[in-house]
Amino acid sequence: MSTETSSAVALTESQARALFEKEFVPHMDAMYNFALRLTNDEDDAHDLVQDTCMRAFRFIGSFEPGTYAKAWLFRILKNNFINDYRKKSRGPSKVEFEWVEQSFAGDDDPEPAFQADLQAETVNEMLGDEITSAIQALPVDFRMIIILCDLEEFSYEEMAKILNIPIGTVRSRLHRARTFLKETLATYAAKKGYKTDMLSA
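Residues numbered from 1 in each chain as written. Predicted model: local features only at pLDDT ≥ 70, side-chain atom pairs only at ≥ 80, totals over all residues. Heavy atoms only, no water.

**Student:** Mind showing me how you'd approach the overall build of the chain here?
**Tutor:** When helices and strands are counted, the chain shows ten helices and zero strands. Scanning the chain from its N terminus toward the C terminus, one meets helices and strands in the order α-α-α-α-α-α-α-α-α-α. Per-residue burial for the chain yields a buried fraction of 44% across its 201 residues. Contacts in the chain between residues at least 24 apart in sequence constitute 73% of all its contacts with a sequence separation of at least 6. (Helix = DSSP H or I, 4+ residues; strand = E, 2+ residues; numbered from the N terminus. Buried < 20%, exposed > 50% of the residue type's maximum accessible area, 1.4 Å probe, protein only. Contact = heavy atoms within 4.5 Å.)

**Student:** Mind showing me how you'd approach the packing of aromatic side chains here?
**Tutor:** Given two aromatic rings, their pairing is described by the distance between the two centres and the angle made by the two planes. This structure, assessed with the given rule, holds nine aromatic pairs. With a centroid separation of 5.4 Å and an interplanar angle of 15 degrees, the aromatic rings of Phe 24 and Trp 72 are classed as stacked. Remark: Trp 72 occurs in helix H4 (residues 69–85) and Phe 24 occurs in helix H1 (residues 13–24); sequence separation between them is 48 residues. Accessibility classification places Phe 24 together with Trp 72 in one group, the buried group. Ring centres of Phe 34 and Phe 74 lie 4.6 Å apart, and the angle between their planes is 0 degrees; this geometry places the pair in the stacked category. (Phe/Tyr/Trp six-rings, centres within 6.5 Å; stacked < 30°, edge-to-face > 60°.)

**Student:** Where do I start with helix H3 (residues 42–58) in this structure?
**Tutor:** Residues spaced three or four apart along an α-helix point in a common direction, a consequence of the helix completing one turn every 3.6 residues. With 17 residues, H3 extends 24 Å between its outermost C-alpha atoms, agreeing within 8% with the 24 Å of an ideal straight helix rising 1.5 Å per residue. If you check the start of H3, you find a side-chain oxygen 3.1 Å away from the backbone N of Asp 43, and it comes from Asp 41. (Expected span 1.5 Å × (residues − 1). Polar contact = N/O pair within 3.5 Å; in protein donor to acceptor, adjacent residues only side chain to side chain.)

**Student:** Quick question: what am I supposed to make of the pattern of salt bridges here?
**Tutor:** When the charged atoms of two side chains lie near each other, side chains of opposite charge can form a pair. Per the stated rule, a full pass over the model turns up five salt bridges. In this structure, Arg 17 engages Glu 13 in a salt bridge whose closest nitrogen and oxygen atoms are separated by 3.1 Å. Pair noted here: Arg 17 and Glu 13 are both in helix H1, with a separation of four residues, about one helical turn. Note that Asp 141 is salt-bridged to Arg 173, the shortest N-O span being 3.8 Å. Linking Asp 141 in helix H8 (residues 140–151) with Arg 173 in helix H10 (residues 167–191), this pair joins segments that are 32 residues apart in sequence. The class of Arg 173 is buried, set by a relative accessible area of 9%. Within this structure, Arg 37, Lys 70 and Glu 152 form a network of salt bridges that share partners. (Salt bridge = Lys/Arg side-chain N within 4 Å of Asp/Glu carboxyl O.)

Next comes the structure, spelled out in structure tokens:
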């Protein structure tokens, strides 16, 4: 069931505006950053945030005050992106996750520790903007899970609600996304003549 359409409570216009300002406005910057990482285009990101705000306000009676507003907003933004923006993307070609997942069929290995800290100073010095480029080049479902977990620091439970998938799928998708990203960065580093020990599992 969609988060924004469940158990709606009737609110007056003033109540809705007050709730929006209290619960949602503090997350505007985070929403824009998420939208920009998804669309890789400033205008598209602004449009996506605006559409998300309009939908959030329309369904604000479905939001439970005191629950995690950021996760609720990110789920709406994610749905808007998938429904309206993915097909218009001018970024790298996107691969449907279901197709990617098939190539890993039967891979039930537990998630290993991820040794490459994306924010580590040494990695940043070595790769520079390639980290951002590598994230943008990920298939969209992998990119989304990396952003939510490693950049926005949502929990597995929160990501499962945002993406509307089981926690087990969150874990496996994150594992594969990190592996994909790690291999991309290691390949780039090797081409540049850097040692890639810090990126090895």
